[in-house]
Amino acid sequence: MIKLVDFIKVILSEFPEDRLTYQKGIPTFHPESASEAAQLFVLANRYEFPLFITGFGNQIDPMGRKFEGLVTIRTDRMNTMFRIVPDDFYIIVGSGFPLREINRELKEFNLFLPHSGLPYVGSVGGALAAGLSAYQNEHVLPLSRYFLMAEIATPEGEIIKPGSACFKSVSGYDIVKIFSPSWGLLGLIAVATLRVLPLSLQEEYQNLKMLPFEYRKFLKLYQRPDDDVASGYSLKIKRKFDPKQILPLIDTFN
């Protein structure tokens, strides 16, 4: 493993200079595509250098000793609404697109995404990675219910596209939902395909209440999956895609 200053030199030699900034003293990489994120992961593996995905940095603020000596990744420049498909009720959006802006884009198509109306100040990718959920008439409604497909840069530097935009797909476990919540430990969600609803149903979702995030609970499940199916799959994917632990497990609450 090389020193931070040397890895920064590597980044500056491989990418445009504006991709690297300093957020509260922490070197931060801002990819503009899945391929740039994947390229950074390739370099991190080559030099065995740790990275940490923060989204917009709203749920996990990278400060303190735990983040010294690593590079964080923010998705703020991956903020494109790529496609709205009103006939098939789905959208394709960059992970850095603000979640609260989605319904503004959808209004002219008479569509909406229930979770876009929640008081969540952050990105689509961050909301998915953090497992954004809400109460709807005393029932839990996770954003992942509308998460159909993704373009993901894995920790080894590959780009995968799990999931399907079809109403009916193959039977079995829906692997794309493993990434919600994964808190950025399984790879970087670069692009998300989300199911959206006709505006005529909006009244049914007016009383959604946002639930608090449970990062520590996720850490415990990740370390001791026991009988939790999602955590078991997460560990298998982590071992396969991140054998060098480029995305380390960090308890940010201690």
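Above this text you will find the structure in question.
Since the model is a prediction, treat every value here as computed from it, not as a measurement. (Residues numbered from 1 in each chain as written. Predicted model: local features only at pLDDT ≥ 70, side-chain atom pairs only at ≥ 80, totals over all residues. Heavy atoms only, no water.)

Brief notes about the overall build of the protein
For the protein, the count of helices and strands is 6 helices and 14 strands. The buried share among the 254 residues of the protein stands at 51%. Within the protein, contacts between residues separated by at least 24 positions form 67% of all contacts whose residues are at least 6 apart in sequence. (Helix = DSSP H or I, 4+ residues; strand = E, 2+ residues; numbered from the N terminus. Buried < 20%, exposed > 50% of the residue type's maximum accessible area, 1.4 Å probe, protein only. Contact = heavy atoms within 4.5 Å.)

Let's talk about the pairing of strand β5 (residues 81-85)
Sheet topology note: the β5/strand β6 (residues 90-94) ladder contains 4 bridges and is antiparallel. From the neighbouring strand, M81 faces β6, where its bridge partner is V93. Counting the residues between successive antiparallel strands, the hairpin from β5 to β6 contains 4 residues, one of them, F89, with a positive phi of roughly 60°. (Pairing = 2+ DSSP bridges.)

So, the sheet that holds strand β14 (residues 209-210)
With antiparallel pairing, the 3 strands of this open sheet are ordered in space as β9-β8-β14. One side of each edge strand has no neighbouring strand; the edge strands of this open sheet are β9 (139-142) and β14. Here strand β8 (residues 133-136) runs beside β14; their pairing, made up of 2 bridges, is antiparallel. Counted as the bridge partner of A134 is M210 from β14.

Things to note about the sheet that holds strand β1 (residues 20-23)
Strand order in the open sheet formed by 4 strands is β1-β2-β4-β3, and the pairing between neighbours is mixed. Among the strands making up the open sheet, the edge pair consists of β1 and β3 (51-55). If you compare each strand with its neighbour and ignore which way they point, the axes differ by 40° on average. Alignment of β1 against strand β2 (residues 26-29), held across 4 bridges, turns out to be antiparallel. Within β2, the residue paired with T21 across the bridge is T28. (Axes fitted to C-alpha atoms, helices over the stretch in contact; angles between N-to-C directions.)

Some details on the nonpolar core
If you look at the biggest cluster of nonpolar residues, it comprises 38 residues, and the most contacted ones within it are I91, I102, V124, F147 and L194. Elements represented by at least two residues in this core include exactly β5, β6, α3 (102-106), β7 (111-112), α4 (124-129), β10 (147-153), β12 (188-195) and α6 (229-241). For F147, the residues in contact, after removing those within four places along its chain, are L128, V176, K177, F179, S180, I189, A192, T193 and L194. In this structure, V10, F29, F49 and A153 belong to the second largest nonpolar core, which totals 30 residues. (Core = buried A, V, L, I, M, F, W, Y, C linked by side-chain atoms within 4.5 Å.)

Focus on helix α1 (residues 4-14)
Burial in α1 covers these residues: F7, I8, V10 and I11. Projected onto a plane normal to the axis of α1, the buried residues spread over an arc of 155° and lie on a single side. Looking at α1, the residues exposed on the side facing more than 90 degrees away from the buried face are K9 and S13. Buried residues along α1 sit against β1, β2, α2 (34-47), β3 and β4 (71-74). (Arc of directions from axis to C-beta.)

Any functional reading would require information beyond the geometric quantities listed.
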